[in-house]
Amino acid sequence: MASQSSLCRTSRQLSQLVSRFSGARFYSAPVNGSIPVAKRKYVPTSGTYPQGFKVSGTIVGVKPKNTTKPDLALIASDTPCAAAAVFTKNKFQAAPVTFSRALLQQRENSGLLGVVINSGCANAVTGKGGLEDAERMAEEADKSLGADKATLVMSTGVIGQRLPLQKILDKIPAAVEGLGDTHKHWLTCATAICTTDTFPKLISKTFSLPSSPSIEYRIAGTTKGAGMIHPNMATLLGVIATDAPISPAVVQPILKYAVDRSFNSITIDGDTSTNDTIALLANGAAGGKGVASEDSADFKAFRDVVTDFATDLAKLVVRDGEGATKFVTIRVTESSSEDGARKIASTIARSPLVKTALYGKDANWGRILCATGYSLISEPGHPVNEVEEIVPEKTSVSFVPTDGSPELKLLVNGEPEVVDEARAAQILELEDLEILVRLGTGKKEATYWTCDYSHEYITINGDYRT
């Protein structure tokens, strides 16, 4: 009987042959919009959502061919929220990024009611007209919600094209009319922000705070992203909502801390989007003592809740990487600096040679070592720099299986091991894998999450605008 890999290879070759004659393309995601079987386990069937928030997903048809998928999301609170956001550092920042940053500064992180999001068009690199479009989206949402300057705006999709603004404005009242707080509402909202995503990304959980142990607080969030993912935000779009009583004075540092350890530690293809935005809204609807001081136990507890929550959301983005077949954790330990460990992990995670080897289930650890070796060197034309974090004679590389079996050592203190290729192949058959790099130069460490590169990634992005 043919092996699974042989069958997959044959299927892929047939797909390429047919597409050559028919112009058809074959994707890992079903063309009818249904969720791939392998991804359904990541979609929740129920949830526990924060009090006082309602959401909706509405079909607009931002892309003319879309007549069935919701592409306008609205998240709104019954009462004003403390709010914060972190944004892309890309110099070509989309109009919604510019608008939302200015609004948060103007409102001093208080008095916000919600977020309106369209998919299908990024409204990025669209000049003054694009900024006016973002402003009008917010104004229409404010009007429909009975508010004033209280709505953030996000957009995702193709760069360099203007929004079909009137179509969106005409549907915002329907989006408000459709607001609800059920699991179905939240899942539809999560679906509305998807582009090349193969499944909606939605998480909810409950937690408590030290000062109010008897109160059940709730937090829920949705995110989108499958390509152009290498966030560098001061992933990608995301909104996190909670009914905990968080002061506007502390909401921004909480979110920044969380994002640095979650969304800023993932990569799919190394491209930092023009639109990356993660927002946090807290309406205090569950009551209890307000979190107002960075020195309080509640602050630290809530910061950790948001960090863990954001990490789980960010991992879903990696699991839905365009064409991805593997979820890979890159862990760099025993470094003389945290920044160095982070840069090494990021470089390995972005290496096309590492990512393609993982897709091919090839234990080519030399590519991992190569990426480690160039990660901290000076740019061409600059003097050779000292790299104290990396000493070849102290460096070790291993595959760590996710099935609980012992790690497979590939390199130990600069000396190559005799690799059991059969066991390496078994490890690489697993969907999840950890690559562990021990530098032997200190005690600092960093973690990145990434995926592999497949034929599908090229196909999806080669056809993105068509």
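Refer to the structure presented above.
Residues numbered from 1 in each chain as written. Predicted model: local features only at pLDDT ≥ 70, side-chain atom pairs only at ≥ 80, totals over all residues. Heavy atoms only, no water.

J.: Outline the overall build of the protein chain, supporting the account with residue identities and numerical values.
T.: When helices and strands are tallied, the protein chain shows 12 helices and 14 strands. For the protein chain, buried positions account for 52% of its 466 residues. Total accessible area computed for the protein chain in this model is approximately 20600 Å², and 52% of it derives from carbon and sulfur atoms. (Helix = DSSP H or I, 4+ residues; strand = E, 2+ residues; numbered from the N terminus. Buried < 20%, exposed > 50% of the residue type's maximum accessible area, 1.4 Å probe, protein only. Areas by Shrake-Rupley, 256 points an atom, 1.4 Å probe, with all protein chains shown as cover.)

J.: Outline the side chain of Thr151, listing residues and values.
T.: Along the polypeptide, Thr151 turns up in strand 4 (residues 151–158). Of the polar contacts made by the side chain of Thr151, one reaches the side chain of Asp142; its length is 2.6 Å. Discounting chain neighbours no more than four positions away, the residues touching Thr151 are Phe99, Leu103, Leu112, Gly114, Val115, Val116, Ala138, Ala141, Asp142 and Leu145. (Polar contact = N/O pair within 3.5 Å; in protein donor to acceptor, adjacent residues only side chain to side chain. Contact = heavy atoms within 4.5 Å.)

J.: How would you summarise the pattern of salt bridges if you had to cite specific residues and measurements?
T.: This model, assessed by the stated rule, comprises 14 salt bridges. Arg162 serves as the salt-bridge partner of Asp133, at 2.9 Å between the closest nitrogen and oxygen. Taken together, the positions of Asp133 in helix 3 (residues 127–145) and Arg162 in the loop between strand 4 and helix 4 (165–177) put the pair 29 residues apart, joining distant regions of the chain. Judged by its relative accessible area of 5%, Asp133 is buried. (Salt bridge = Lys/Arg side-chain N within 4 Å of Asp/Glu carboxyl O.)

J.: An account of empty space enclosed by the protein is requested, with residue identities and associated values reported.
T.: In this structure, the largest cavity occupies an estimated 40 Å³ of space. Contributing to the lining of the largest cavity are Val354, Ala357, Leu358, Asp362, Asn364, Ile368 and Phe399. With 3 residues, helix 9 (residues 352–359) is the largest single contributor of residues to the lining of the largest cavity. (1 Å grid on protein atoms, 1.4 Å probe; cavity = no way out; pocket = protein on both sides within 12 Å on 5 of 7 lines; lining within 4 Å. Points joined across faces, edges and corners; volume = space filled by probe spheres on them.)

J.: Please provide a residue-by-residue account of the nonpolar core, values included.
T.: Formed by 54 residues in total, the largest nonpolar core has its most connected members in Ile117, Ile168, Trp186 and Leu281. Per-element tally for this core: the top contributor is strand 2 (residues 72–87), with 9 residues. Sequence-distant contacts of Trp186, defined by excluding residues within four places in its chain, comprise Tyr49, Pro50, Phe53, Val55, Asp181, Leu202, Ala220 and Ala241. Core analysis: the second largest hydrophobic core is formed by 42 residues, Leu255, Val259, Ile278 and Trp449 among them. (Core = buried A, V, L, I, M, F, W, Y, C linked by side-chain atoms within 4.5 Å.)

J.: Account for the packing of aromatic side chains, with residues named and values stated.
T.: This model, assessed by the stated rule, comprises 4 aromatic pairs. Ring geometry for Phe207 and Phe302: centres 5.8 Å apart, planes at 40°, overall tilted. We note that Phe207, like Phe302, is buried. Every member of this aromatic cluster is reached through a ring pair, and the members are Phe207, Tyr217 and Phe302. When the ring centre of Tyr257 is taken as reference, the NZ or CZ atom of Arg303 above it lies at 4.1 Å. Taking NZ or CZ as reference, Lys355 lies 4.9 Å from the ring centre of Tyr453, over its face. (Phe/Tyr/Trp six-rings, centres within 6.5 Å; stacked < 30°, edge-to-face > 60°. Lys NZ or Arg CZ within 6 Å of the ring centre and 35° of its normal.)

J.: So what about the sheet that holds strand 13 (residues 432–438)? Which residues, and what values?
T.: With mixed pairing, 6 strands are arranged side by side in an open sheet as 12-11-10-13-9-14. Each end of this open sheet is capped by a strand with a single partner; those strands are strand 12 (415–416) and strand 14 (444–451). Bridge analysis of strand 10 (residues 396–401) against strand 13 gives 6 bridges, and the strand direction is antiparallel. For Ser398, the partnering residue across the bridge sits in strand 13 and is Leu436. Contacts from helix 11 (residues 421–429) reach strand 10, strand 11 (408–412) and strand 13, with the element oriented near 60° to strand 10. (Pairing = 2+ DSSP bridges. Axes fitted to C-alpha atoms, helices over the stretch in contact; angles between N-to-C directions.)

J.: I'd like a description of unusual backbone geometry, backed by residues and values.
T.: Residues other than glycine seldom take positive phi values, yet Asn109 does so here, at roughly 65°. Structurally, Asn109 can be placed in the loop between helix 2 (95–107) and strand 3 (112–121). In this model, Lys149 sits at a positive phi of 50°, which is unusual for a non-glycine residue. The topology assignment puts Lys149 in the loop between helix 3 and strand 4.

J.: Please provide a residue-by-residue account of the environment of Ile35, values included.
T.: With respect to the element layout, Ile35 can be found in the loop between helix 1 (4–22) and strand 1 (53–58). Considering only alpha carbons, one finds Ile35 and Phe199, 164 residues apart in sequence, at a separation of 5.7 Å. Excluding anything up to four places from it in sequence, Ile35 contacts Arg40, Val43, Thr198, Phe199 and Pro200.

J.: Please give an account of helix 2 that cites residues and values.
T.: Between its first and last C-alpha atoms helix 2 spans 18 Å; for 13 residues at 1.5 Å apiece the expected length is 18 Å, and the two agree. All buried positions along helix 2 are accounted for by Ala95, Pro96, Val97, Phe99, Ser100, Leu103 and Leu104. Each element contacted by the buried residues of helix 2 is listed here: strand 2, strand 3, helix 3, strand 4 and strand 8 (277–282). One or two positions beyond helix 2, positive phi appears at Glu108, with a value near 55°. (Expected span 1.5 Å × (residues − 1).)

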